[in-house]
Amino acid sequence: MTSDTRPDEDGAVAPGGRQRPLGGDRVALRGDLRAAVPDAGAAAGVTVLVFALLWARMESGESDTVAVMPFMDDPGTYWMYLLSQAFGWSALLWAWGTVMLGLLLSGPRPARLPVSRPVLERWHRTTSLTTTALMFAHALMFAAELVRYETKVDWAERLWVAFADTFVAGWYDSGTGQVAIPLGQGALYLAVPLGLLFYVRHRIGANTWRRLHRFVIVVYVLSVWHTLLYGTNVWYGEWPRTVLWLLQLPVAVLLLLRLLRPARRAERLGTLGGGAARPGWWLRAAGRVAAGAVVVGLVVVAVSGRDGGRDRPTHPPATAPHAQETD
């Protein structure tokens, strides 16, 4: 989620009613890709650590994935699925971080920041690029596992089935994945254009980019929803799932603060006016009410412990994710 404001952006316009030129605001994608190398390296390191943890838990018999799908009790066979999970958790962690940075930069400006604002903005952009790469890796490793799994058809059919199940909305037809996988696909397909639009905002205009960029929060919501529905490590109503819910509380609080006290004066609620201003006022007010309701809902989930998790069965199911394709 790239910040939608810069230090000199407060809704003002240049003399004569024209917007300030954006030439000095251009940021090259190539430069950000180079700057993202250390960040991507850190993400790769975290992914390796998560993969090692998931492998160890599967070997020891403590894996929740095995509790959900007992046939997956061999990490040597299902290592690509474990790597997909590891990339998914790293992607969600990096998404959490980049959203927090974006909300911090576009909401009430703190009196003191740990580093300069330009540095925070660069971190925000690089973590956003890393998040997108991790999401792709998560999907690709899931597809690779499906290629390995579909052994009853030839290679061309296996590649097609894996591609369709992973990247074609509505194709995957097994269990919770019928809902969860399209949510993840939606997050990925929105993340790419919304993230890259930042680098062409001098062409489409700052206001157009800013309006589109607000939908980035939808990418994060879809990602969390996908994880809660399909993440076998948070499948049951136990502490890992509760922690995942709790991590959304600071995001919701920062979102509420950003809506209540946006950095740009043009986005502040003000008093209710008449005419054309009325629909926009009500829309902004509804957004603030919705964000406040999310904060309350997250607190209720944390206090009550009712987080939508499933009960751990006495006799876990022994079914595969879906029937293999046949000729």
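As a starting point, this report considers the structure included with it. Remember, predicted model here, so these are calculated numbers, not experimental data.

## Brief notes about the overall build of the protein
When helices and strands are tallied, the protein shows 11 helices and zero strands. Listed N to C, the secondary structure of the protein is α-α-α-α-α-α-α-α-α-α-α in terms of helices and strands. For the protein, the exposed area adds up to about 16900 Å²; of that, 66% sits on carbon and sulfur atoms.

## Points about the packing of aromatic side chains
Taken as a whole and assessed by the stated rule, the structure comprises nine aromatic pairs. Look at W160 and F163: their rings are 6.0 Å apart centre to centre, the planes differ by 35 degrees, and that puts the pair in the tilted class. In this pair, W160 and F163 both sit in helix 5 (residues 155-167), three residues apart, roughly one turn of the helix. One aromatic cluster is present, formed by W160, F163, F167 and W171 through successive ring pairs. The ring of W155 has R158 lying over it, and the distance from NZ or CZ to the ring centre is 4.2 Å.

## A word on the nonpolar core
Counting residues in each nonpolar core, the largest one holds 49 residues, and the members touching the most others are Y81, F87, L134, M135 and F142. Mapped by element, the contributors of at least two residues to this core are helix 1 (29-60), helix 2 (64-68), helix 3 (79-106), helix 4 (117-149), helix 5, helix 6 (177-196) and helix 9 (216-230). A total of 10 residues in this core trace back to one element, the largest contributor, which is helix 4. Once residues within four sequence positions are removed from consideration, Y81 is found in contact with T65, M69, M72, F142, E145 and T232. Counting residues in hydrophobic clusters, the runner-up holds 12 residues, among them A95, L103, Y220 and L228.

## Quick notes on a nonpolar patch on the surface
A cluster of nonpolar side chains, namely L29, L33 and L196, defines an oily patch on the protein surface of about 230 Å² accessible area. Following the sequence through the fold, L196 ends up in helix 6.

## Describing the pattern of salt bridges
Per the counting criterion, the structure on display carries seven salt bridges. Put simply, D32 and R125 hold a salt bridge, and the shortest N to O gap is 2.6 Å. Taken together, the residues span a long stretch of sequence, with D32 in helix 1 and R125 in helix 4 at a distance of 93 residues. Owing to a relative accessible area of 3%, D32 belongs among the buried residues under this scheme. One salt bridge in this structure joins E62 and R57, with 3.9 Å as the shortest N-O distance. For R57, a relative accessible area of 30% translates into the label partly exposed. Several salt bridges converge on common partners, so that one network encompasses D64, E238 and R312.

## Things to note about the packing of helix 3 against helix 10 (residues 239-260)
Two numbers describe how helix 3 lies on helix 10: the axes approach to 9 Å, and their chain directions differ by 20 degrees. By the angle between their directions, the pair helix 3 and helix 10 is classed as roughly parallel. Considering only the axes of helix 3 and helix 10, their crossing is left-handed. Here helix 3 contributes W89, L92, W96, V99, M100, L103 and S106 to the contact with helix 10, which in turn contributes L244, L247, Q248, P250, V251, L254, L255 and R258.

## Brief notes about the environment of P313
Its location among the elements puts P313 in the segment after helix 11 (277-304). Once the C-alpha coordinates of P313 and V68 are considered, the two residues, 245 residues apart in sequence, prove to be 8.9 Å apart.

What counts as what
Residues numbered from 1 in each chain as written. Predicted model: local features only at pLDDT ≥ 70, side-chain atom pairs only at ≥ 80, totals over all residues. Heavy atoms only, no water. Helix = DSSP H or I, 4+ residues; strand = E, 2+ residues; numbered from the N terminus. Areas by Shrake-Rupley, 256 points an atom, 1.4 Å probe, with all protein chains shown as cover. Phe/Tyr/Trp six-rings, centres within 6.5 Å; stacked < 30°, edge-to-face > 60°. Lys NZ or Arg CZ within 6 Å of the ring centre and 35° of its normal. Core = buried A, V, L, I, M, F, W, Y, C linked by side-chain atoms within 4.5 Å. Buried < 20%, exposed > 50% of the residue type's maximum accessible area, 1.4 Å probe, protein only. Contact = heavy atoms within 4.5 Å. Patch = residues over 30% accessible without salt bridge, like charges linked within 9 Å, V, L, I, M, F, W, Y side chains within 5 Å. Salt bridge = Lys/Arg side-chain N within 4 Å of Asp/Glu carboxyl O. Axes fitted to C-alpha atoms, helices over the stretch in contact; angles between N-to-C directions. Parallel < 35°, antiparallel > 145°, perpendicular 65-115°, else oblique. Left-handed = near helix turned anticlockwise from the far one by under 90°.

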